[in-house]
Amino acid sequence: MGILESITTPRDLRGLSDDELGALASEIRDFLVQTCSRTGGHLGPNLGVVELTLAIHRTFDSPRDRVVFDTGHQAYVHKLVTGRMAGFAKLRQEGGASGYPSQAESEHDIVENSHASTALSYADGLAKAYAIRGEDRHVVAVIGDGALTGGMAWEALNNIAIAQSSRLVIVVNDNGRSYTPTIGGLANALTTLRTNPRYEQILDLVKKRLNAVPGVGPAAYDALHAVKKGLKDAIAPQGLFEDLGLKYVGPVDGHDRGAMEQALAQAKRFGGPVIVHAITRKGFGYDHAEAHEADQFHGPGPFDIESGEEVPKGRIWTDVFADEIVHIGQRRSDVVGVTAAMMHPVGLHHFQARFPERTFDVGIAEQHATTSAAGLALGGLHPVVALYATFLNRAFDQVLMDVALHRCGVTFVLDRSGVTGDDGASHNGMWDMSILQVVPGLRLAAPRDGARLRELLNEAVEVDDAPTVLRFPKGPPPEDLPAVGRAGGTDVLVRSGTKDVLVVGVGSMAAVAVGVAERLVAQGIGVTVVDPRWVLPVDPALVDLAREHRLVVSIEDNGRVGGVGSMLLQTLNDAGVETPFRLHGIPQEFLAHAKRAVILERIGLTPQAIALGIVEDMTALAEGAALIDADRPV
Ligand SMILES: Cc1ncc(C[n+]2csc(CCOP(=O)(O)OP(=O)(O)O)c2C)c(N)n1
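Residues numbered from 1 in each chain as written. Predicted model: local features only at pLDDT ≥ 70, side-chain atom pairs only at ≥ 80, totals over all residues. Heavy atoms only, no water.

## Let's talk about the side chain of Glu324
Point 1. Mapped onto the elements, Glu324 comes out in helix α14 (residues 317-331).
Point 2. Here Glu324 is buried and forms no salt bridge, its nearest opposite-charge partner Arg454 lying at an N-O distance of 4.4 Å.
Point 3. Polar side-chain contacts of Glu324 include one of 2.8 Å to the side chain of Asn458.
Point 4. If we ignore the near neighbours within four places in the chain, the residues touching Glu324 are Arg454, Leu457 and Asn458. (Helix = DSSP H or I, 4+ residues; strand = E, 2+ residues; numbered from the N terminus. Buried < 20%, exposed > 50% of the residue type's maximum accessible area, 1.4 Å probe, protein only. Lys, Arg positive; Asp, Glu negative; His and termini not counted. Salt bridge = Lys/Arg side-chain N within 4 Å of Asp/Glu carboxyl O. Polar contact = N/O pair within 3.5 Å; in protein donor to acceptor, adjacent residues only side chain to side chain. Contact = heavy atoms within 4.5 Å.)

So, in structure tokens, the structure goes:
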């Protein structure tokens, strides 16, 4: 049995010798590489925080002291030393460990929101609460240099600086990267701290010595970049944090556990808020991760350990967008791209390569991205802001007031909309179509396939006096689903038999709607399947179609409340259309992590489940009975 298996609580770390702790760190790295090669996961960030996490757990007493990980994708090591090794066999899968901290999993986890830049605010509140309640507990917040680019982190620092009785230690895990290198004034300032003269001298020394050793090249130097110990003798405010009046320890080599422990102990003794600046390397200890240019294995899918090659994902929705936006950029010199620290994941990297001067990575700053886009539009350009759907939640007020009120032509492209699954509750993009319904003038499109994505994106960038939104899910798009007809702006996908059931399939649910139709046709039920393409504003053609049918069924990959079905129902009601209506969407609950397909099955967003309900409804209608069923989701 290795050392790792013997660790069930952080207290077990206390009795280990330096050598044992070194061996444990290696075991953890091996375990993480093995696990993530099978399941995928946030390998790079976690390889970078092994020593840092061990040091935190040896210096503080979790769960009495609270450890809050910003974003939470780098909490695997924390999970391993808090007795959750077994859950890694099914990491991010149903029944296995969540990819983020999870209250349900452990008393050592208190915050589980995976949206970045919140940890300092949680920690500020926790520390104040413990001070007011007279509890002698410390709070440790671990935040990356990437997450530090988010506005909330700075709002928190501004307050933490004056909360002198907060027993709060902020560990800045500075690896110089978000997915790609963190950019911006803040990143530059951190670099200045990192490269203070004393620190550089040590590095120079190491470099010279290493380069003098035959056979030891730059890679080894990089790996040993670590020998740097810039630990200051006293806690002193430094550069970037000085103006806020925050105490600072560092920079500390985050891969030197001993130095980290020393710094943390110093910060702990201080008794007020302190920043500990740890320098780490993303992917540390696994060559393929360290050398991975795009994101140092920030979040790979399954991969081959020897070659570092990821199992090919095939062509996904993002790729379709990535190609089409380049075509648009070639045609339209006023189109600019904006991303919030996710250039590759949202597919703006080709656009960036082609039009670097027209591409802006603003850091993890969705609010700024949105209002800055409003400025770009007011200045005569057409911005395309590409985000994951869940992160648009951050920027709701900016979409409403800064873009829509000002009638700015800004196109939002929301990737990973609907159920995303593996990353748990906070990563599902199930709110966008509800919150956006209330924005006056906003036009919202949900492409059903790659062809529609291209078509609708081109239509969207033509709108120069209102926000437009395109949303599409995770994974590969289905085969293109050609229309058999058009009604207004709505595509008719199936027209079969008499006008019994009108199925409105929104975006990726159009394919599900076609599957429903196949089953209904087999039962002799007449069916029309439509894809509205633009779901907001509601196409008047849908009102006429609904009036002509005996039952209307809407299917969307969005929360049931306030989404497309809800808006359509309201529109039909306003128009006096009394056709019975069944609304299918995601139940309004925080969905535990599991594969997208598993969740869709569980919540009934499958052709089988929906068709079954329709057959029951049609039978009831034929019998003149009401369509009420207590078992149906509400
Ligand atoms: C509000 C928000 N936007 C975007 C993301 C996606 N995201 C997850 S981790 C990450 C980079 C984080 O960088 P950093 O904080 O430096 O941590 P590291 O992975 O480098 O350890 C991003 C952009 C997010 N989680 N939350």
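## Examining the environment of Ser106
Point 1. Within the element layout of this structure, Ser106 appears in the loop between α5 (76-80) and α6 (119-132).
Point 2. Put simply, Ser106 and Gly515 are 409 residues apart on the chain and 41 Å apart in space, counted from C-alpha to C-alpha.
Point 3. Not counting chain neighbours up to four residues away, the residues in contact with Ser106 comprise Thr82 and Arg84.

## A word on the site of the ligand
Point 1. By nearness alone, 23 residues border the ligand, and His73, Gly146, Ala147, Asn175 and Glu366 come closest of all.
Point 2. In this structure, an oxygen atom belonging to the ligand sits 2.9 Å away from a main-chain N or O atom of Arg177.
Point 3. Across the complex, the protein chains shield 99% of the 580 Å² of accessible surface that the ligand would expose by itself.
Point 4. Residues of the shell around the ligand, tallied by class, amount to eight nonpolar, ten polar and five charged. (Near = heavy atom within 4 Å. Areas by Shrake-Rupley, 256 points an atom, 1.4 Å probe, with all protein chains shown as cover. Nonpolar A, V, L, I, M, F, W, Y, C, P; charged D, E, K, R; others polar.)

## Comments concerning the nonpolar core
Point 1. By size, the foremost hydrophobic cluster in this structure holds 50 residues, and its most contacted members are Leu24, Ile28 and Val171.
Point 2. Non-local contacts of Leu24, meaning those with residues more than four positions away in its chain, are made with Ile3, Leu4, Ile7, Leu13, Leu16 and Leu54.
Point 3. Core analysis: the next-biggest nonpolar cluster, separate from the first, contains 34 residues, Val527, Ala611, Ile614 and Met618 among them. (Core = buried A, V, L, I, M, F, W, Y, C linked by side-chain atoms within 4.5 Å.)

## Quick notes on unusual backbone geometry
Point 1. For the bond running from Gly250 to Pro251, omega is -5°, close enough to zero to count as cis.
Point 2. In this model, Leu536 is joined to Pro537 through a cis peptide bond whose omega is -5°.
Point 3. Relative to the elements of secondary structure, Pro537 occurs in the loop between β16 (534-536) and α22 (540-548).
Point 4. Of note, the phi angle at Gln296 is positive, near 50°, even though the residue is not glycine.
Point 5. Summarising the element assignment, Gln296 is placed in the loop between α13 (287-290) and α14.
Point 6. Residues other than glycine seldom take positive phi values, yet Arg407 does so here, at roughly 50°.
Point 7. By secondary structure assignment, the location of Arg407 is in the loop between α18 (396-404) and β9 (411-417).
Point 8. Arg407 gets classed as exposed once you look at its relative accessible area, which sits at 60%.

## Regarding the packing of aromatic side chains
Point 1. Overall, the coordinates contain nine aromatic pairs when judged by the stated rule.
Point 2. Summarising the aromatic geometry, the rings of Tyr388 and Phe391 are spaced 6.0 Å apart at their centres and angled 5° between planes, so their arrangement reads as stacked. Accessibility assignment for this pair places Tyr388 and Phe391 in one class, buried.
Point 3. In textbook terms, an aromatic cluster arises when at least three aromatic residues are bridged by ring pairs, as seen for Phe31, Tyr76 and Phe88.
Point 4. Lying over the aromatic face of Phe60, Lys268 brings its terminal NZ or CZ to 5.3 Å of the ring centre.
Point 5. Directly above the ring of Phe355 sits Arg358, whose terminal nitrogen or CZ lies 4.1 Å from the centroid. (Phe/Tyr/Trp six-rings, centres within 6.5 Å; stacked < 30°, edge-to-face > 60°. Lys NZ or Arg CZ within 6 Å of the ring centre and 35° of its normal.)

## Points about the pattern of salt bridges
When the charged atoms of two side chains lie near each other, side chains of opposite charge can form a pair.
Point 1. This model, assessed by the stated rule, comprises 34 salt bridges.
Point 2. Residue Arg448 is joined to Asp531 by a salt bridge in which the shortest nitrogen-to-oxygen separation is 2.6 Å. A residue pair is termed long-range when its members are at least 10 positions apart, and Arg448 in the loop between β10 (443-445) and α20 (450-460) and Asp531 in strand β15 (residues 527-531) qualify at 83 residues. Each member of the pair, Arg448 together with Asp531, is buried.
Point 3. Among the salt bridges present, the one from Arg486 reaches Asp491, with a minimum N-O distance of 2.7 Å.
Point 4. With a relative accessible area of 4%, Asp491 lands in the buried category.
Point 5. Through salt bridges with shared partners, a single ionic network connects Arg448, Asp449, Arg452, Arg486, Asp491 and Asp531.

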